[in-house]
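So the chains spell out like this:
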Amino acid sequence: MNQLVPLVVALPLICAALLAAVGTHLPRLVPDALAIACAAAVAGMTLTLTLHSGDRTIVYWFGDWKPVADGFPWGIGFVVDPFAAAEATLAAVAVLAALVFSWGHFESIRHLFYSLMLAFLAGMVGFALSGDLFNIFVFLELMSVAAYALSGYHVTRPEVLQGALDFAVLNTIGTLTLLMGIAVLYGRTGNLNLVGIGAVLARDHPSGLLVLALTLITVGFLVKAGTAPFHFWLTDAYGVATAPAAAIFTAVMSDLAFDVYSRVHATVFAPTLGSDDAVRHALLALAVLSAVIGAVMCFLEADLKRQLAFMTVSNGGVVLAGMATQTATGLAGSIMYIIAAGLLRGALMLCLGMLIVRMGSADEMILHGRGRTGHPVLAFLLTLCALGVAAPPGFGPFLSLTLVYDGLTASGYAWAAPVLAVCIAVSAAAPLRAVARIFLGWGPAHDPILTSQEAKPRRFPDGHHRLWPLIAPLLLALTGYFLALAPDLPGQAIKAAAQLHDHAAHARLVTQGIVPPAMPLPGHAIPLRDWLYGAVSFAGAFLIAAIGLWWQRLPVRAQRPIRTCIRPPIIAVKTIHSGSIGDYTTWLIAAAAALALAWTVTL
């Protein structure tokens, strides 16, 4: 089984290099078939690793350079625990679906597109599995460089150039911040292995260097994750990227940073800091800020791709909230939500790609009533995905959210659970409103509170009006829905999170190969409180979508005080999303300084 571990990164890199070198000389369908076969093989291997790592975490040392007798990790290793393997599987499945969807779409540069997609896949898988802090940075850079190129495919369009530039500059600042944090830890410990760093830091009390490293590494990961107020690049980049690339961005790339950050924090900093209230308070504050700002901006957008970008920010706040609890239940719920919600958002983005191809735009105001005839399959799939992200009770996203809510309640943050449920409802209401406006013709053709691109629909060749690519988003959406049917999934997730939080046992496993004793599978019962939160998010999405469609039917006397109350905050929240890279960099630096000051005082 260990032989599969290096292959999941080596195979896509080899195929990417092969396609870049000889892709132009191959028959037309060969690059398509090779890329899809490679992604499918990686998906199969990572799924196999996920199933096998449930019983025992797999530790693979490259070159068989295992730690020496004193336990000091010299070599470079991959640590394949259930969470890391599941995230790698999500990345492979998302890339596979995007490649199937885009078959034949990129005519002139298809081999280069496939090379970038496979390099992107290799970077994400290596990023998820690496147990070495510097190699986490290396795979992050590989993933980022491929993403920059994918986001700037239509670089001749000014908005695409601006989005790709914002993406590259702000993410480069984030990765440099992460690199500085790695340098501080290496200078302090002389080690780059996560377990090795944690073991050295645990020998002493927290110091100023530890606070500095924690701040730099947290900011670096949160920039990549798109957490408010580090999120400004995300909406500009996701809104201009082609649908296949944007589907991977919204399904995997952002949330993958949360998963790796949770592992870094649990392995490096938690042995020294423990469950420190200062860390939990700060992370939860950022989580709630992300959930609220992302949901509000999502509802104020008319362009569905930008809606989905802000939904990613809001859902990321939910993920960070579960991790902020520093409980096994909260972490398990966050990872499950990453997978379930990521599959649905990826499916929704692919459907938006088909909407743009068939109608020339993804703006609900421009497309008002244009989908009433001739698009029943697309309308059904968009509705299915929009309902899924509203977390209907009994299905995959809801099951994961119950664990997040339980973790918040157990750690003393019960007030945050209804806030997150309302944010999920608001963000899911936006695509529901758009589907009703486009395919049913409901609501007015103009809404002053929505930001619309105000452009004419583009035309696409008739050959692109195929429906079979929608098989890919359909399978993604169904998997996200019925993930809840996997046997004992909450118990397995809680067990994996508890093993990660057992620092001593995890260190012995990585450095000495000592397998911890088997622990019983925890049970999980959903309390009535969580069912009520699920009802709030699901039913609330319909109510808020209806308000968004018909609020202008209110009498003028009723509209006037409402406009007076909501106009200033709407203007304020839209103003800070100015599109200026200078403004975004200022927000990043100010937020990083505030976080450093807060932790310097409290830690």
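Just so we're clear, the structure is a prediction, and the values are computed from it rather than from any experiment.

**Q** Before we move on, can you summarise the overall build of the protein with the specific residues and values?
**A** Secondary structure assignment for the protein yields 22 helices and two strands. The C-alpha radius of gyration of the protein comes to 23 Å, within 12% of the 25 Å expected for a compact globule of 603 residues. A principal-axis box enclosing the C-alpha atoms of the protein has dimensions of 75 × 60 × 50 Å. In the protein, the proportion of contacts linking residues at least 24 apart, taken out of those at least 6 apart, comes to 83%. Counting every atom, the protein has about 22100 Å² of accessible surface; 69% of that belongs to carbon and sulfur.

**Q** With reference to specific residues and values, describe the nonpolar core.
**A** Among the nonpolar cores identified, the biggest contains 212 residues, and Phe120, Phe221, Phe249, Val264 and Phe269 are the most heavily contacted of them. Discounting residues that sit within four places of it in the chain, Phe221 has contacts with Phe127, Ile136, Leu178, Ala257, Val260, Tyr261 and Val264. Counting residues in each nonpolar core, the second largest holds six residues, with Val59, Trp61, Val79 and Val195 among its members.

**Q** A description of the side chain of Asp236 should follow, citing residues and the corresponding values.
**A** Note that Asp236 resides in helix H9 (residues 232-240). Polar contacts involving the side chain of Asp236 include one to the side chain of Arg306, which spans 3.3 Å.

**Q** Let's hear about the pairing of strand S2 (residues 77-80): which residues, and what values?
**A** Burial along S2 is two-sided: Gly77 and Val79 and Phe78 and Val80, pointing in opposite directions, are all buried. Sheet topology note: the strand S1 (residues 58-61)/S2 ladder contains four bridges and is antiparallel. When the sheet's bridge partners are listed, Val59 is paired in S2 with Val79.

**Q** Please give an account of the packing of helix H13 (residues 328-359) against helix H18 (residues 489-501) that cites residues and values.
**A** How two helices sit against one another is set out by the angle between their axes and by the gap between those axes. Running from amino to carboxyl end, H13 crosses H18 at an angle of 120 degrees, the nearest separation of the two axes being 8 Å. Judged by the angle between their axes, H13 and H18 are oblique. The element H13 and its partner H18 pack so that their crossing is right-handed. Counting all contacts with H13, which are made through Ala328, Thr329, Leu331, Ala332 and Met336, the residues of H18 involved are Leu489, Pro490, Ala493, Ile494, Ala497, Ala498, Leu500 and His501. Of the residues belonging to the contact of H13 with H18, the class tally is eleven nonpolar, two polar and no charged.

**Q** Can you explain a nonpolar patch on the surface? Please cite residues and give values.
**A** Together, Trp468, Ile471, Leu475, Leu478, Phe482 and Leu485 give the surface a local cluster of nonpolar side chains, amounting to about 600 Å² of exposed area. Within the fold, Trp468 resides in the loop between helix H16 (416-440) and helix H17 (471-482). The class for Trp468 is partly exposed, based on a relative accessible area of 38%.

**Q** Lay out helix H15 (residues 396-410) in plain terms, naming residues and giving numbers.
**A** Spanning 15 residues, H15 covers 22 Å between terminal C-alpha atoms, matching the ideal 21 Å at 1.5 Å per step. Counted residue by residue, H15 has 13 buried out of 15 residues, so it is predominantly covered. Just downstream of H15 lies Gly412, where phi reads positive at about 90 degrees.

**Q** Please give an account of the side chain of Arg437 that cites residues and values.
**A** Among the structural elements, Arg437 can be located in helix H16. From its side chain, Arg437 meets the backbone oxygen of Pro444 in a polar contact 3.1 Å long. Not counting residues up to four positions away in its chain, the partners in contact with Arg437 are Glu364, Met365, Leu367, His368, Gly369, Trp442, Gly443, Pro444, Asp447, Leu450, Gly548 and Leu549.

**Q** Describe in detail unusual backbone geometry, supporting the description with residues and values.
**A** What you tend to see is this: most non-glycine residues have negative phi, and most peptide bonds are trans. Residue Ala228 is joined to Pro229 through a cis peptide bond whose omega torsion reads 0 degrees. Mapped onto the elements of the fold, Pro229 is located in the loop between helix H8 (208-225) and H9. Phi is positive for Gln326, which is not a glycine, with a value near 55 degrees. Its location among the elements puts Gln326 in the loop between helix H12 (304-324) and H13. At Asp488, a residue that is not glycine, the phi angle is positive and equals roughly 55 degrees. In this fold, Asp488 is placed in the loop between H17 and H18.

**Q** A description of the packing of helix H11 (residues 277-299) against helix H22 (residues 581-602) should follow, citing residues and the corresponding values.
**A** At a minimum axis distance of 10 Å, the contact between H11 and H22 shows a crossing angle of 160 degrees. Here H11 lies roughly antiparallel to H22, going by the angle between them. As for how H11 packs across H22, the hand of that crossing is right-handed. Contacts from Ala278, Val279 and Ala282 in H11 reach Leu595, Trp599 and Thr602 in H22. When its residues are assigned to classes, the contact of H11 with H22 shows five nonpolar, one polar and no charged.

**Q** Could you give me a rundown of the pattern of salt bridges, with the residues and numbers involved?
**A** Going through the model one piece at a time under the given rule, you end up with ten salt bridges. A salt bridge links Arg280 to Asp277; its shortest N-O distance comes to 2.4 Å. Linking Arg280 with Asp277, this pair stays in helix H11, spanning three residues, or about one helical turn. Here Arg280 falls in the buried class, since its relative accessible area comes to 13%.

**Q** Outline the packing of aromatic side chains, listing residues and values.
**A** The tally for this structure, following the rule as stated, stands at 22 aromatic pairs. Ring centres of Tyr405 and Tyr533 lie 5.1 Å apart, and the angle between their planes is 70 degrees; on these two criteria the pair is classed as edge-to-face. Here the residue Tyr405 occupies a position in helix H15, and Tyr533 occupies one in helix H20 (residues 528-550), the gap between them amounting to 128 residues. In this structure Tyr405 comes out as buried when scored by relative accessible area, which is 0%. When the centroid spacing of 5.6 Å and the interplanar angle of 35 degrees are considered together, the rings of Trp442 and Trp550 count as tilted. Taken as a pair, Trp442 in the loop between H16 and H17 and Trp550 in helix H20 lie far apart in primary sequence, 108 residues in all. Directly above the aromatic system of Phe299 lies the positively charged group of Arg433, at a separation of 4.7 Å from the ring centroid.

**Q** Any details on H9? Residues and values, ideally.
**A** In terms of residue burial, H9 counts as a mostly covered element, since nine of its nine residues are buried. The complete set of buried residues in H9 reads Phe232, Trp233, Leu234, Thr235, Asp236, Ala237, Tyr238, Gly239 and Val240.

**Q** Tell me what's going on with the environment of His52, and back it up with residues and numbers.
**A** Turning to its location among the elements, His52 is positioned in helix H2 (residues 29-53). When its relative accessible area of 42% is taken as the criterion, His52 is described as partly exposed. Each C-alpha atom, one on His52 and one on Pro82, is 8.3 Å from the other, the two residues being 30 residues apart in sequence. Within the structure, His52 has its side chain in polar contact with the backbone oxygen of Thr48 (distance 3.0 Å).

So, how was this worked out
- Residues numbered from 1 in each chain as written.
- Predicted model: local features only at pLDDT ≥ 70, side-chain atom pairs only at ≥ 80, totals over all residues.
- Heavy atoms only, no water.
- Helix = DSSP H or I, 4+ residues; strand = E, 2+ residues; numbered from the N terminus.
- Rg over C-alpha atoms; globule rule 2.2 N^0.38 Å.
- Contact = heavy atoms within 4.5 Å.
- Areas by Shrake-Rupley, 256 points an atom, 1.4 Å probe, with all protein chains shown as cover.
- Core = buried A, V, L, I, M, F, W, Y, C linked by side-chain atoms within 4.5 Å.
- Buried < 20%, exposed > 50% of the residue type's maximum accessible area, 1.4 Å probe, protein only.
- Polar contact = N/O pair within 3.5 Å; in protein donor to acceptor, adjacent residues only side chain to side chain.
- Pairing = 2+ DSSP bridges.
- Axes fitted to C-alpha atoms, helices over the stretch in contact; angles between N-to-C directions.
- Parallel < 35°, antiparallel > 145°, perpendicular 65-115°, else oblique.
- Left-handed = near helix turned anticlockwise from the far one by under 90°.
- Nonpolar A, V, L, I, M, F, W, Y, C, P; charged D, E, K, R; others polar.
- Patch = residues over 30% accessible without salt bridge, like charges linked within 9 Å, V, L, I, M, F, W, Y side chains within 5 Å.
- Salt bridge = Lys/Arg side-chain N within 4 Å of Asp/Glu carboxyl O.
- Expected span 1.5 Å × (residues − 1).
- Phe/Tyr/Trp six-rings, centres within 6.5 Å; stacked < 30°, edge-to-face > 60°.
- Lys NZ or Arg CZ within 6 Å of the ring centre and 35° of its normal.

Function cannot be inferred from these measures alone, as they are strictly geometric.
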